[in-house]
Amino acid sequence: MISNMSFIERIFYILQKYGTSYLKGAGTTLVIALVSTFIGCIIGFLSGIIQTIPVDKKRDPLIKRVLLGIVNVILRIYIEVFRGTPMIVQAVFIYYGLAQVCNVQLGMWQAAFLVVSINTGAYMAESVRGGIISVDPGQMEGAKAIGMTHVQAMVNVILPQAFRNILPQIGNNLIINIKDTSVLSVISVVDLFFVHKSVSGALYTYFESATIVMAIYLTMTLITSRLLRLWEKKMDGGDNYELVDVMDIGSQLGKKESR
Amino acid sequence: MNQEQIVSENKTQENSILEVSHLEKSFGTHSVLKDISFRVHPGDVVSVIGASGSGKSTMLRCINLLEVPDGGSILYHGEDITARKMDVPAYRARVGMVFQSFNLFSNMTVLENCMVGQIKVAKKSKEEAKEKALRFLDKVGMSAYVNAKPRQLSGGQKQRVAIARALAMEPEILLFDEPTSALDPQMVGEVLEVMTALAKEGLTMIVVTHEMAFARDISSHVLFMADGVICEEGTPKQIFEQPKEEATKEFLARFRNML
C-alpha cells in the first residue's frame, strides 16, 4: 500500500497511475499560456499603438481628438484595473460575473483564454508603449523626412524596433503565464495544478505530487526561455556582413541601362 | 556655359521653390525664430551659418514641418505648407532632409534604407527601387555595403548612406542639418566631398553648417543667423570678404585661421 512506500516509490507509483493526467494538464497549461500570451500581445500592441498616436492641435479635427481622448481614458482604466488586481480574483470575477449578470456560461477554454489574455494584455500594453517610446525619436523623424505617414513609419520603422526591444518582456510574460495559469483551477480549468490537486487529494501525497509538478513546470519554463533566447539571437542577425563586389553592381546597373 | 551661368539664368526664368516669410517659432516663452524671410530658387545652394543656438536648425526643421511654425508662412511653389489642407507627407517626400545624427533605420540594411521610401511612399516597384538605390549608393561610394546594418558603419559612412536615402526619393530640394557636426574630423571630408559633387550637379540645397570653407566655396548664397534673425545675407564673397554687420565680422573672426 502507498503508505508503506518510500518517497521515490510513491513518485513512480503516482506517475504510473496518473502520468497521462499530468501530461494532459501540462499540455493544457502550455496551450493556455501560449494562446493567451499571443492574444495578450495583440491587445498590448493595439493599445500601445493607440496610446502613442500623436495629436496635432492645429491640424487634427476635433472629432478625432475627442474620440482619441475617450479611447485613451478607457485604455488607462483597463490597464490600471487589470494590472492592479490579482488574476485569481479576476478569474472568479469574470467567470461568475458573466454567468450571473449576462447569463453567459463560459466553457473551460473560453474562460481560461479570456482571463489570461485580458490580464496579459494590460501588462503588454504598458510594455509596448514603453517599447515604442524608447525607440530613438530620430527614427520617426527620418521616416517622416522621406514622406512616410505616421502609420507607415510605425509599421516599417518603429514597431519592428519596438518589438525587438520588448521581446524579452514578451518572453517574461509567457513564462509568468505558464506558471500563473495555475490560479485558473479556482474556476475549474483542468490545468497542471488542477491535476496536482486532484491527485494529491485522492492519495494524500501532497509532497510527492508537488515534486512532480515542480519538475514539469520547470522543464516547460526552461525550454521556453531557451527557445526565446534563440529567437532573439536570430532577430539580431550576425555581426558580420559581406562586402559586395563593386564591379558586380556596376555591371548590374550597366545591364539595366542597356535594356 | 558653366554651372553658375545656368543657375543664374534659371533664377530669372523660374519662380522660387521656397519662400519663407516672417517665420516665427518659440518654445514656451523662449522665442527661437523672429521674423525670418528668404527665398530659395532652383539650383541655389544656401548655406546657413551662425553660432549654436541662433535658430539655424530650428529654421530648417520648420521648413520640413518637423517643427510647426508659430507665425509667418512658408510657401512651396506658392502653396502654404502650414495650411490645414496641405498634404504634409507628400510635401516631405519632395523635400529631403539629412540629419546631424543620420537617423538611418536601424532595423534595415543599407539597401533597404534606400528602398523603403521609394516603395512605400513613392509606390515604385521593388526592382525599380533597388536599381535607383544602388545607383545613389554608388554615387556616395557606399554600394559595397548594401548588406550592412547601420550599426556596423562608421559615422561618415552612415551619413553618406543617409544622403543616398534622401536622394533616392529624387527630392526637389535637400535640407542638410549640420551633416558633419557629429563626425570625426577625418570623416568630415568624405561627406563634404559628396555634398560638393551634388552642389556642382545643380541640386538645390539648404545647408546648416559650421564648415566655413564649404559655405564660402560651394554655396551660392549665405545666410548668417544670430539670435533668431537673419543678421546678414549675400553671396559668399559679400559675407566672407566684406561683411557689413559687426556680429558677422565677430563670428567670422573665430574661423579666420581655418579659412
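Please read these numbers as outputs of a predicted model, since none were measured by experiment.

About the cut-offs
Residues numbered from 1 in each chain as written. Chains lettered and ligands numbered in written order. Predicted model: local features only at pLDDT ≥ 70, side-chain atom pairs only at ≥ 80, totals over all residues. Heavy atoms only, no water. Pairing = 2+ DSSP bridges. Helix = DSSP H or I, 4+ residues; strand = E, 2+ residues; numbered from the N terminus. Axes fitted to C-alpha atoms, helices over the stretch in contact; angles between N-to-C directions. Contact = heavy atoms within 4.5 Å. Salt bridge = Lys/Arg side-chain N within 4 Å of Asp/Glu carboxyl O. Nonpolar A, V, L, I, M, F, W, Y, C, P; charged D, E, K, R; others polar. Buried < 20%, exposed > 50% of the residue type's maximum accessible area, 1.4 Å probe, protein only. pLDDT = per-residue confidence, 0-100. Core = buried A, V, L, I, M, F, W, Y, C linked by side-chain atoms within 4.5 Å.

Participant: I'd love a proper account of the sheet that holds strand 9 (residues 221–226) of chain B, names of residues and values included.
Facilitator: Residue and element names in this part refer to chain B. Spatially, six strands are ordered 6-7-8-3-9-10 in an open sheet, and the strand pairing comes out mixed. Edge positions in the open sheet fall to strand 6 (95–98) and strand 10 (229–234), since each of these has one partner strand only. On average, each strand axis in the sheet is inclined to that of its neighbour by 20°, with strand direction left out of account. Relative to strand 10, strand 9 runs antiparallel, the two being bridged by five bridges. Within strand 10, the position partnered with Phe224 by the bridge is Glu232. Relative to strand 8 (residues 204–208), helix 7 (residues 185–200) is tilted by about 145°, and along the sheet it contacts strand 3 (45–50), strand 7 (173–177) and strand 8.

Participant: Could you give an account of the interface of chain A and chain B, naming the residues involved and the relevant values?
Facilitator: At the junction of the two partners, chain A supplies 34 residues and chain B supplies 45 residues. Summed over the shared surface of chain A and chain B, the number is one salt bridge. Of all the secondary structure elements, the ones that give two or more residues to the side of chain A that touches chain B are helix 5 (137–145), helix 6 (150–180) and helix 9 (246–258) of chain A. Among the elements that line the side of chain A that touches chain B, the one with the most residues is helix 5 of chain A, at seven residues. Its residues placed into classes, the side of chain A that touches chain B shows 12 nonpolar, 11 polar and 11 charged.

Participant: Tell me about the side chain of Arg61 of chain B, and name the residues and values.
Facilitator: Of note, Arg61 of chain B is situated in helix 2 (residues 56–63). Non-local contacts of Arg61 of chain B, meaning those with residues more than four positions away in its chain, are made with Glu141 of chain A together with Leu66, Glu67, Met97 and Asp177 of chain B.

Participant: How would you summarise unusual backbone geometry if you had to cite specific residues and measurements?
Facilitator: At Asn103 of chain A, a position not held by glycine, the phi torsion is positive, near 60°. Mapped onto the fold, Asn103 of chain A is located in the loop between helix 3 (87–101) and helix 4 (108–134). Unlike most non-glycine residues, Phe102 of chain B shows phi in positive territory, near 65°. Tracing the backbone shows Phe102 of chain B in the loop between strand 6 and helix 4 (110–120). Relative accessible area serves as the criterion here: at 11%, Phe102 of chain B is assigned to the buried category.

Participant: Any details on the confidence of the model for chain B? Residues and values, ideally.
Facilitator: On average, residues of chain B score 91 in pLDDT, and 93% of them are at 70 or above. Contacts of residues 5–13 of chain B to residues separated by more than four positions or lying in other chains number eight contacts, the stretch itself having pLDDT below 50.

Participant: Report on the sheet that holds strand 4 (residues 71–76) of chain B, specifying residues and quantitative values.
Facilitator: Residue and element names in this part refer to chain B. A sheet is described by the order of its strands in space; here four strands give the open sequence 2-1-4-5, paired in antiparallel fashion. The sheet terminates laterally at strand 2 (30–40) and strand 5 (79–80), the two strands that pair on one side only. As paired strands, strand 1 (residues 18–27) and strand 2 are joined by seven bridges and run antiparallel to one another. Across the sheet, residue Val20 finds its bridge partner in strand 2, namely Phe38.

Participant: Explain the nonpolar core to me, using residue names and the numbers behind them.
Facilitator: All names here are of chain B. Judged by nonpolar contacts, the single largest core of 43 residues is most densely connected at Leu137, Val161, Ile163, Phe176, Met195, Leu198 and Met205. Put simply, the parts of the chain that give this core at least two residues each are helix 4, helix 5 (126–139), helix 6 (155–168), strand 7, helix 7 and strand 8. At eight residues, helix 7 tops the list of elements feeding residues into this core. Excluding its chain neighbours within four sequence positions, the residues that come into contact with Met205 are Asp44, Val45, Val46, Leu174, Phe176, Met195, Leu198, Ala199 and Phe214. Counting residues in each nonpolar core, the second largest holds 34 residues, with Leu33, Phe38, Tyr91 and Ile230 among its members.

Participant: Describe the pairing of strand 1 of chain B, naming the residues involved and giving the relevant values.
Facilitator: All names here are of chain B. The turn joining strand 1 and strand 2, which pair antiparallel and follow one another in sequence, is formed by two residues; a positive phi near 65° is taken by Gly28. Pairing analysis gives five bridges linking strand 1 to strand 4, with the strands arranged antiparallel. From the neighbouring strand, Glu19 faces strand 4, where its bridge partner is Leu75.

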